[in-house]
Amino acid sequence: MIKYTSSKQISIEDFIQPFGGKLSKENRWVKLANLLPWDEMVSVYIKSMSQEKGRKAINPRVAVGTLIIKHILRAADEDTIEFIKENPYLQYFLGYAEYRYEQPFTSSLFVSIRRRLGVEQLQELMDEFIAYVRKIEQKPSLQKSGSNEKRDKDDRDKGPKNKGHLIVDATVAPSDIKYPTDLDLLNEVREKSEALIDLLYVPEKGKVKPRTYRQKARKEYLSFAKQRKKREKTIRKALKKQLGYVQRNFKTIDKLLNEKEDKAFPLAYKYQKMYWVIQEVYRQQKQMYEQNTHKTADRIVSI
C-alpha cells in the first residue's frame, strides 16, 4: 500500500539540525533537490503499486531519492544507507524536515525497489528528468525594464553574448547495465565460476575440494580497484592475473562436469546458461587482451 502527499521542497533555512549550524545553499544536493521534478518521478515509481492493499510502503520520494544518491555516488547498497545516516545534505535531498541519525530503510529493500521499477519505468524516470531540464532551458525570460533593454541593445551592438548549456548527468538514472570495465567483468566471471565449482563439488571421503585461490584473486582485484591512477601497464598485469584465475576455474568446472553421472544434463538450465555466458565473456576478454584492444564483435558488457 502506497501513500504519497505532494509537498514542495522545504527551504534550506527551515531544515532543523539538533547540533546547530546552517547548511549551505551552494551544496550540490541542495541545488539538485530544488531542481528535480519529484512529483512526476514519484508518479512513475508508484504507477504499479496499490494505494489500498498491502503493507504500508516506504515514502516514494525517499525511495526515488535514495536510488539517485546511490548511482551518483556509485556506492554499494549498504554504503548508500550509511551515507544517508551520516549526511544532513542527503537527508535534505530526500525531503526530510530535520536531521536524524537513522536509516531510511534496510539496504536489502534495494532489491525489491529495483525489481518493482523494471527497465521500462527506469527509462521513464530518466525521460521525466530530461524533459524537465529541457523545459527549464526553454523557459522564456521575463521582460526587462527600459534601462535593461537599452543595456541589452548596447550589448548586441558590441557583438554576440556568450551562451551556456545545462549539462544533464545521466548517472542519476539507475540502470542494470554498468560501464563495461574489463577487469570488473572478469572479476564477476571469476566469482560466478567459483560459485559453479561450489555447486558441482560433492564432499566425499578422501576427496579434496579443488583449489580456486579465490581469496588471493579477490585481494588482488580490490588492491587494483582502490588505486586512483591506473596505468596501462598495471591494468594489463591485473587483467592477466584474472584471466589466469578464470582459466584455472574453467578447467576445474570441466573436470567436475565429467565426473557427473548424468553427462547429458549435469547442470540445471539456468546454471548451464550462466556457464555459457561467462565462457564467452572470458573468450572476448582474452582476445582483446592478446590483441591489445578494447573492441570485439558482439561484446558482452553486463553479465
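Residues numbered from 1 in each chain as written. Predicted model: local features only at pLDDT ≥ 70, side-chain atom pairs only at ≥ 80, totals over all residues. Heavy atoms only, no water.

## Some words on the confidence of the model for the protein chain
One rule of thumb: low pLDDT means the predicted coordinates there are not for detailed reading. Of all residues in the protein chain, 70% attain a pLDDT of 70 or more, and the chain-wide mean is 77. Long-range and interchain partners of residues 140–147, a stretch whose pLDDT sits below 50, account for two contacts in this model, where long-range means more than four residues apart. The low-confidence segment residues 170–180, where pLDDT is below 50, has 19 contacts with residues more than four positions distant or belonging to other chains. (pLDDT = per-residue confidence, 0-100. Contact = heavy atoms within 4.5 Å.)

## Digging into helix 4 (residues 77–86)
Taken together, the buried positions of helix 4 are occupied by Asp77, Thr80, Ile81, Ile84 and Lys85. One face of helix 4 carries all of its buried residues, which in axial projection span an arc of 140°. (Buried < 20%, exposed > 50% of the residue type's maximum accessible area, 1.4 Å probe, protein only. Helix = DSSP H or I, 4+ residues; strand = E, 2+ residues; numbered from the N terminus. Arc of directions from axis to C-beta.)

## Observations regarding unusual backbone geometry
Only a minority of non-glycine residues have a phi that is not negative, and only a minority of peptide bonds are not trans. Positive phi values are uncommon outside glycine, yet arginine 74 reaches one of about 55°. Tracing the backbone shows arginine 74 in the loop between helix 3 (60–73) and helix 4.

## Some points on the pattern of salt bridges
Across all of its chains, the model carries 11 salt bridges by this definition. A salt bridge links arginine 100 to glutamate 102; the nearest nitrogen and oxygen atoms lie 3.2 Å apart. Exposure remark for glutamate 102: the relative accessible area of 41% places this residue in the partly exposed category. Glutamate 191 is the partner of arginine 218 in a salt bridge, and the nearest nitrogen-oxygen pair spans 3.5 Å. Placement of the pair is arginine 218 in helix 9 (residues 214–225) and glutamate 191 in helix 8 (residues 182–200), with a sequence separation of 27 residues. One salt-bridge network, in which partners are shared between bridges, spans Asp198, Lys209 and Arg214. (Salt bridge = Lys/Arg side-chain N within 4 Å of Asp/Glu carboxyl O.)

## Considering the side chain of lysine 85
Structurally, lysine 85 is set in helix 4. Owing to a relative accessible area of 13%, lysine 85 belongs among the buried residues under this scheme. Not counting residues within four places of it along the chain, the set of residues in contact with lysine 85 comprises Gln91, Tyr99, Arg100, Tyr101, Glu102 and Gln103.

## Some points on the environment of leucine 90
Along the chain, leucine 90 falls in helix 5 (residues 88–93). Along the backbone, leucine 90 and threonine 66 are 24 residues apart, and their C-alpha atoms lie at a distance of 8.7 Å. Not counting chain neighbours up to four residues away, the residues in contact with leucine 90 comprise Trp29, Ile69, Phe83 and Ile84.

## Remarks on the packing of helix 8 against helix 10 (residues 232–258)
Direction vectors running N to C along helix 8 and helix 10 enclose 25°, while the axes themselves pass 9 Å from each other. One way to sum up the angle between helix 8 and helix 10 is to call them roughly parallel. Here helix 8 and helix 10 pass one another in a crossing that is left-handed. In contact with Asp182, Leu183, Leu186, Asn187, Val189, Arg190, Ser193, Glu194, Leu196, Ile197 and Leu200 of helix 8, helix 10 contributes Ala238, Leu239, Gln242, Leu243, Tyr245, Val246, Asn249, Phe250, Thr252, Ile253, Leu256 and Leu257. The residue makeup of the contact of helix 8 with helix 10, split by class, is 15 nonpolar, five polar and three charged. (Axes fitted to C-alpha atoms, helices over the stretch in contact; angles between N-to-C directions. Parallel < 35°, antiparallel > 145°, perpendicular 65-115°, else oblique. Left-handed = near helix turned anticlockwise from the far one by under 90°. Nonpolar A, V, L, I, M, F, W, Y, C, P; charged D, E, K, R; others polar.)

## Comments concerning the nonpolar core
One finds Trp29, Leu36, Ile68, Ile69, Phe93 and Leu94 to be the most contacted residues of the largest nonpolar core, which totals 31 residues. Looking at this core, the elements with two or more residues in it are helix 1 (28–35), helix 2 (38–45), helix 3, helix 4, helix 5 and helix 6 (109–138). The greatest single-element share of this core, amounting to six residues, is contributed by helix 3. Residues Leu183, Leu196, Phe224 and Tyr275 belong to the second largest nonpolar core, which totals 24 residues. (Core = buried A, V, L, I, M, F, W, Y, C linked by side-chain atoms within 4.5 Å.)

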